[in-house]
Number of protein chains: 2
Amino acid sequence: MAGWEENIRRVNPYTPGEQPQGKDIIKLNTNENPYPPSPKTIEVMKSMDFGSVGRRYPDPNAKGLVGALASYYHVGTDQIFIGNGSDDVLSVAFLAFFNSEKPIVFPDVTYSFYPVWAQMYRIPYREIPLDADFRILPEDYESENGGVVIANPNAPTGVALPLTELEKIIRSNSDAIVIVDEAYVDYGGDSALRLLDRYDNLVVVRTFSKSRALAGARIGFAISSPRLIQVMNDVEQSVNSYPLSTMSLLAGEASVADEEYFRERIRDVLRTRARSVIELKKRFFTILPSETNFLFAAPTRISGNEMFEQLRERGVFVRHFSSERLNDYLRITIGTDREMDVLFAAIDEIQE
Amino acid sequence: MAGWEENIRRVNPYTPGEQPQGKDIIKLNTNENPYPPSPKTIEVMKSMDFGSVGRRYPDPNAKGLVGALASYYHVGTDQIFIGNGSDDVLSVAFLAFFNSEKPIVFPDVTYSFYPVWAQMYRIPYREIPLDADFRILPEDYESENGGVVIANPNAPTGVALPLTELEKIIRSNSDAIVIVDEAYVDYGGDSALRLLDRYDNLVVVRTFSKSRALAGARIGFAISSPRLIQVMNDVEQSVNSYPLSTMSLLAGEASVADEEYFRERIRDVLRTRARSVIELKKRFFTILPSETNFLFAAPTRISGNEMFEQLRERGVFVRHFSSERLNDYLRITIGTDREMDVLFAAIDEIQE
């Protein structure tokens, strides 16, 4: 064995959903937006001066996008941190804030990247079980810890924690940083942003990958106090000076400018979600209440895995998690009405 | 003091060169390419279907770009790692390979991000002084260590280490991973790629930011054995599943396809470099031999800092490092001939 073998870091990488190619595929497996980015965003990409955009380094302060987000959310520009997708934002936050000997805590059923970062950065962690209805109970988060991470609404369940409940967690952990991952909040959850003025231990994380239809551009951000944002920027600047391409910065800025298109597409998804709940219930699915752009739904006629495999054979991709607690369920992204109709027809065929 | 304060990571961020805006500015401070990306790359950006590129996640395996690089460098697709700029590639390599109690080693004068990553990831390190002529001496790298990082050609000096000398370092450190950072190698250095077959401890890191004029797209890559590339991919997938935007992946792939344009622009820079050496010597500068797209040059009539400040006042940006060993020098990126003429005229005015 080579001497360097013993110094290699052992990790358990996160497994992202498949990205199958092909025209006839119905892709409901990674919670992408079924609608394209706004026409104005597409226009900005088409008309950018790529001769200059390409050869020059990006603005290391991302002034354009930071300014757009600050004014959109009515916070200072020193309260916005920009990262290379919310995965990068969360990774930086873990590195920046979780340096205690005490374990950080998060639910046992949540975004499965949290334990990956904790292991990666050698942060002790403890997973706190959701209750029987897949709910987060604030009283479970009162023990001493090195930090808290709550996805709200949660994934892959889609269940939202009311803001009054979330506030209890933030309040009872005033000595630790509480990260609230709001990847899906634009689809109906209550944002913790309004608590920022009251708590100095709160970091809210957002993404452009879902409601803003820019998963391909890799844009995430955090909103917090100037003090905590400074810490995150210092950590980012100790890893990568330019985490986002100039193309992504331009796309993000253009997206924020087009509020009407943004609201309309969210309404479209919510309408299709409501309809999909009805259609899936007709087909004997058990469905958790969703405040996201996906449904966590269990077929009752056949197993979750069987349904997953049979849908896959028919070119319909949804997400299935094989852990015991989750394996009855499928996480189904809300697509267009047409895409959902293909899904329903495939389910009918499978259950016939 | 809030309880969370003690758990915040203290870091010393890297300071990138300024990105001043303005039409009349001559920007020779961050080693960007003075020429735009190839016309074919610009065309790919203009004609991409951003509706789909934007809303979909990137290919997590980056198959298009990985395939293009593998065939360009005549290696397997399992020998290519893609990252978000070579900073991300290096950061991942540090995390992946440098987990020894023994210090990693690199020159005292080199890319100043190396000690930043080491501190960030709590990797012990030792800086080995260059000799009086700013050269790396292989015999200085024979002591036991936890890994080696060599920028070749080195920065900010521009000096290249002959491949036979570099090979001594790789050979005498067979129990540690040796990272060779070849950010500037396309401008004249000898690449360590040809040593890959002989050494299982070698990782070669490259960037699209210099010779490929894609600093704004943030693309870096590593070439090594399938085993070490797998380790790097596992670490990357434990931090961020999709480190590059689809736009960047497309731009990178298009760039690799246009060999003729690439070679021509390198020749242009080399011609301007040769001419710039002559012009600066006429103006009493001491210049280190450069195999890069920049010159490390010391004015002898006034101090390095004075020259830096006076150029800056005239809208000509170069890079100045304030450490004692480097502060006589300026790092001057090779621009277009026209840009260099503005620099020479400004120097004449300052030294008049």
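Residues numbered from 1 in each chain as written. Chains lettered and ligands numbered in written order. Predicted model: local features only at pLDDT ≥ 70, side-chain atom pairs only at ≥ 80, totals over all residues. Heavy atoms only, no water.

**With respect to the environment of B:Glu339**
Here B:Glu339 lies in helix H11 (residues 337-351). In this structure the C-alpha to C-alpha distance between B:Glu339 and B:Thr246, which are 93 residues apart in sequence, comes to 33 Å. (Helix = DSSP H or I, 4+ residues; strand = E, 2+ residues; numbered from the N terminus.)

**Quick word on the relation of the copies chain B and chain A**
Mapping chain B onto chain A calls for a rotation angle of 180° and an axial translation of 0.0 Å; the resulting RMSD is 0.0 Å. Such a combination of rotation and displacement between the chain copies is what one expects of a two-fold axis. When each C-alpha of chain B is compared by its distance to the rotation axis, B:Lys46 comes out closest, at 2.5 Å. Counting the interface residues of chain B, we find that 100% of their copies in chain A are interface residues as well, pointing to one common contact surface. (Least-squares fit on C-alpha atoms with pLDDT ≥ 70 in both. Contact = heavy atoms within 4.5 Å.)

**Observations concerning the pattern of salt bridges**
Residues and elements named next belong to chain A. Considering all chains together, one arrives at 48 salt bridges over all chains under this definition. Between Arg135 and Asp131 there is a salt bridge whose closest N-O contact spans 3.1 Å. One salt-bridge network, in which partners are shared between bridges, spans Glu264, Arg265, Asp268 and Arg271. (Salt bridge = Lys/Arg side-chain N within 4 Å of Asp/Glu carboxyl O.)

**As for the pairing of strand E3 (residues 104-107) of chain B**
Residue and element names in this part refer to chain B. Inspection of the sheet shows E3 paired to strand E4 (residues 125-128) by 4 bridges, in the parallel sense. The residue bridging Val105 from the neighbouring strand is Arg126, located in E4. Since E3 and E4 lie parallel, the crossover through helix H5 (residues 113-120) that links them has a hand, and here it is right-handed. (Pairing = 2+ DSSP bridges. Right-handed = clockwise from strand over helix to strand, strands pointing away.)

**Quick look at the interface of chain B and chain A**
Contact with chain B, which involves 85 residues of that partner, is made by 85 residues of chain A. Buried surface at the junction of chain B and chain A, both sides included, amounts to about 6,900 Å², of which 55% is carbon and sulfur. When the buried area of chain B at its contact with chain A is split by residue, B:Trp4, B:Arg55 and B:Tyr57 rank highest and sum to 12% of it. Ionic pairing is found between A:Arg227 and B:Glu5, a salt bridge with its closest N-O pair at 2.5 Å. One can count 45 residue pairs in polar contact (both at pLDDT 80 or more) joining chain B with chain A. Elements supplying a minimum of two residues to the side of chain B that touches chain A: helix H1 (39-47), helix H2 (50-55), helix H4 (85-97), H5, helix H7 (226-236) and helix H8 (246-257) of chain B. At 6 residues, H4(B) tops the list of elements feeding residues into the side of chain B that touches chain A. Residue composition of the side of chain B that touches chain A, grouped by class: 43 nonpolar, 25 polar and 17 charged. (Buried area = accessible area lost by both parts, 1.4 Å probe. Polar contact = N/O pair within 3.5 Å; in protein donor to acceptor, adjacent residues only side chain to side chain. Nonpolar A, V, L, I, M, F, W, Y, C, P; charged D, E, K, R; others polar.)

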